[in-house]
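Read off the chains here:
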Amino acid sequence: MSALDWNREGLIWPHRDASQFIEAGRARWHVQRMGTGAPLLLLHGTGASVHSWRGLMPLLARDNEVIAIDLPRHAFTTGHNAYAMSLPVMAGEIAGLLKVLAVEPAAIIGHSAGAAIALQLALDHAYAGLIVGLNSALRPFPGPFAQIFPAVAKALFINPLVPRFFAGSIDLVGGAKKFLWRSTHSHIDAEGLACYRTLLKHPGHAGGALAMMANWDLPGLRTRMGSVANPVLLVHSDKDPAIPLAWTREARGWLPQAQLEVQHGLGHLAHEEAPEQAAALIKAFLARQA
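Residues numbered from 1 in each chain as written. Predicted model: local features only at pLDDT ≥ 70, side-chain atom pairs only at ≥ 80, totals over all residues. Heavy atoms only, no water.

Trainee: Would you take a moment to explain the overall build of the protein for this structure?
Mentor: Broken down by element type, the protein carries twelve helices and eight strands. Counting across all 290 residues of the protein, residues that qualify as buried make up 57%. When contacts within the protein are restricted to residue pairs at least 6 apart in sequence, long-range pairs at least 24 apart make up 76% of them. Accessible surface computed for the protein: about 12100 Å², of which carbon and sulfur atoms make up 57%. (Helix = DSSP H or I, 4+ residues; strand = E, 2+ residues; numbered from the N terminus. Buried < 20%, exposed > 50% of the residue type's maximum accessible area, 1.4 Å probe, protein only. Contact = heavy atoms within 4.5 Å. Areas by Shrake-Rupley, 256 points an atom, 1.4 Å probe, with all protein chains shown as cover.)

Here it is as structure tokens:
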């Protein structure tokens, strides 16, 4: 399946002037950079892209250099093997990109699955900086669902028709706006909605998200969380239908140096709904750890 075209679909992407494409190994990464100061790395969640940081990124860039990337096989990042989308391998790919960029982040800020990647970087690649998880996907599904969900995703992933069917079904089920509301309970602005609509309707991007879900191993990460020595801030919103707040409260107890901040009245994409709130919490955490 073909990738998104930067000179076609990419024309609507926020902060387009901050974008660059970086070759690392066999991959071509879409990277956005802005600001100066101690570097912060932003990692979006499954199925999203750098557009998820459109409101938060400029706020953080007032005091720091901010680097956002499209994850492997997401949006405009290309060249990664579809069967190499496990959590450890993705963390290794990002570690390799950071070496090419010659960047050692002072903090990694991950949304949803991006938070799990940040922890994997700490465990496997000696990342010793701060970690901020926004509505973090850290807790495995309970009981047999921990095995059933990846198995179903893998079964769908190996069928080449599924990504095309999913992408084509978005309009049939009420469009991207209704899909996002049902899955996140977040109100997204027109700019963000246009990007999500483009991503959700593209089979290549849908296939990348499905490959990520098919190869995800949160139970494996769970067994190692007690070894994470990094200071961690978990920010979670109480209206998130995708990842209940209770799950993050539990995950906080697995991490030796974690603290939790709760945002009220917001959904899974809280950092997009209220970027000023997210920026204030992140900056306060960075200041406390300075």
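Trainee: Would you mind showing me how to read helix α8 (residues 203-214) here?
Mentor: Spacing of three or four residues puts side chains on the same side of an α-helix, whose turn is 3.6 residues. Between its first and last C-alpha atoms α8 spans 16 Å; for twelve residues at 1.5 Å apiece the expected length is 16 Å, and the two agree. Most of α8 sits inside the fold, with eleven of its twelve residues counted as buried. Within α8 the residues assigned to the buried category are P203, G204, H205, A206, G207, G208, A209, L210, A211, M212 and A214. (Expected span 1.5 Å × (residues − 1).)

Trainee: Please clarify how the sheet that holds strand β5 (residues 107-111) should be interpreted in this entry.
Mentor: Backbone hydrogen bonds hold the strands of a sheet together, and the pairing may be parallel or antiparallel. With respect to topology, eight strands assemble into an open sheet ordered β1-β2-β4-β3-β5-β6-β7-β8, the strand pairing being mixed. A single partner strand is all that each edge strand has here, and the edge strands are β1 (19-24) and β8 (258-263). Looking at each pair of strands side by side, their axes are set apart by 25° on average, direction ignored. In the packing of helix α2 (residues 87-101) onto the sheet, contacts are made with β1, β2 (27-34), β3 (39-43) and β4 (65-69), and the angle to β1 comes to roughly 105°. Its contacts with the sheet place helix α10 (residues 245-252) against β7 (232-237) and β8, and it is angled at close to 165° to β8. (Pairing = 2+ DSSP bridges. Axes fitted to C-alpha atoms, helices over the stretch in contact; angles between N-to-C directions.)

Trainee: I tried to follow the pairing of β8 on my own but got confused; where do I start?
Mentor: Along a regular strand, successive side chains alternate from one face of the sheet to the other. Of the strand pairs in this sheet, β7 and β8 are connected by six bridges, and their pairing is parallel. By the bridge assignment for β8, L233 is matched with Q259. Crossover β7 to β8 through α10 is right-handed. (Right-handed = clockwise from strand over helix to strand, strands pointing away.)

Trainee: Is there a simple way to explain the nonpolar core in this structure?
Mentor: Generally speaking, a soluble globular protein has its nonpolar side chains buried in company with each other. If you look at the biggest cluster of nonpolar residues, it comprises 79 residues, and the most contacted ones within it are I69, I94 and I117. No other element matches helix α3 (residues 113-124), which puts nine residues into this core. Leaving out residues up to four positions away in the same chain, I94 has contacts with W29, L41, L43, I69, L71, I117 and L121. With six residues, the next largest nonpolar core counts I188, L193, Y196 and L269 among its residues. (Core = buried A, V, L, I, M, F, W, Y, C linked by side-chain atoms within 4.5 Å.)

Trainee: Could you clarify how one ought to interpret the packing of aromatic side chains in this entry?
Mentor: For any pair of aromatic rings, geometry is given as the distance between the ring centres together with the angle between the planes. If you walk through the whole model with that rule in mind, you get three aromatic pairs. Considering the side-chain rings of W6 and F21, the 5.5 Å spacing of their centres and the 75° angle between planes classify their relative orientation as edge-to-face. Remark: F21 occurs in strand β1 and W6 occurs in the segment before β1; sequence separation between them is 15 residues. A residue is classified by how much of its surface remains accessible, and W6, at 14% relative accessible area, is buried. Measuring from centroid to centroid gives 5.0 Å for W13 and F76, while their planes differ by 90°, and the two rings are edge-to-face. Residue W13 is found in the segment before β1, and its partner F76 is found in the loop between β4 and α2; the two are separated by 63 residues along the sequence. Assigned by exposure class, W13 and F76 land together as buried. Lying across the ring of W247, R139 places its NZ or CZ 4.6 Å from the centre. Looking at R222, its charged tip hangs above the ring of W254, at a distance of 4.0 Å from the centre. (Phe/Tyr/Trp six-rings, centres within 6.5 Å; stacked < 30°, edge-to-face > 60°. Lys NZ or Arg CZ within 6 Å of the ring centre and 35° of its normal.)

Trainee: Where do I start with helix α12 (residues 275-289) in this structure?
Mentor: If you check α12, its first and last C-alpha atoms are 21 Å apart, about what 15 residues at 1.5 Å a residue would give, namely 21 Å. Three or more residues of α12 are buried, namely P275, A278, A279, I282, F285 and L286. Projected down its long axis, α12 shows its buried positions confined to an angular sector of 130°, all on one face. Seen from the open side of α12, the exposed residues pointing more than 90 degrees away from its buried face are E276 and A287. (Arc of directions from axis to C-beta.)

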